[in-house]
Amino acid sequence: FTKDNPESPRFAEARYWSGVGFAALKDYKAANAAFGDVVNKAPEDARAPDALLGLASVAAAQKDNKVSRKYLVTIVEKYPESAAAATAKKALTVAN
């Protein structure tokens, strides 16, 4: 869908759910690509903060805590009113 319809209003949603699926399958490279597409191509989409949270989770799963923390901080700074920001704040508190 996303290859054939990159201009679709559903692009970010489709890529977000692709990322979730890839992460569940532990295909972290594909998950990073999917979540990254949401963040980079649709930063104003409602799923963008969740995609950053997905990137943070994938980084943490790969034991890259520095990168995970960077994504969490970005969520709090860029999307402070989002539900993902509340989750990120909790994760940052636990990590410290």
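Scroll up to find the structure.
Small disclaimer: the values here were computed from a predicted structure and weren't measured.

Draft legend 1. Main features of the packing of helix H3 (residues 48–61) against helix H4 (residues 65–78). Look at H3 against H4: their axes get within 7 Å of each other, and the N-to-C directions meet at 165°. With respect to their mutual orientation, H3 and H4 come out roughly antiparallel. Seen from above, H3 lies across H4 with left-handed handedness. Here H3 contributes Pro 49, Leu 52, Leu 53, Leu 55, Ala 56, Ala 59 and Ala 60 to the contact with H4, which in turn contributes Asn 65, Val 67, Ser 68, Tyr 71, Leu 72, Thr 74 and Ile 75. Per-class residue counts for the contact of H3 with H4 are 11 nonpolar, three polar and no charged.

Draft legend 2. Spotlight on the pattern of salt bridges. Under the defined criterion, the tally for this structure stands at four salt bridges. A salt bridge links Asp 37 to Lys 41; its shortest N-O distance comes to 3.8 Å. Residue Asp 37 and its partner Lys 41 are located together in helix H2 (residues 28–41), separated by four residues, close to a single helical turn. For Asp 37, a relative accessible area of 19% translates into the label buried. You can call Lys 41 exposed: its relative accessible area is 58%. Counted as one network, the salt bridges with shared partners bring together Arg 10, Glu 13 and Arg 47.

Cut-offs and rules
- Residues numbered from 1 in each chain as written.
- Predicted model: local features only at pLDDT ≥ 70, side-chain atom pairs only at ≥ 80, totals over all residues.
- Heavy atoms only, no water.
- Axes fitted to C-alpha atoms, helices over the stretch in contact; angles between N-to-C directions.
- Helix = DSSP H or I, 4+ residues; strand = E, 2+ residues; numbered from the N terminus.
- Parallel < 35°, antiparallel > 145°, perpendicular 65-115°, else oblique.
- Left-handed = near helix turned anticlockwise from the far one by under 90°.
- Contact = heavy atoms within 4.5 Å.
- Nonpolar A, V, L, I, M, F, W, Y, C, P; charged D, E, K, R; others polar.
- Salt bridge = Lys/Arg side-chain N within 4 Å of Asp/Glu carboxyl O.
- Buried < 20%, exposed > 50% of the residue type's maximum accessible area, 1.4 Å probe, protein only.

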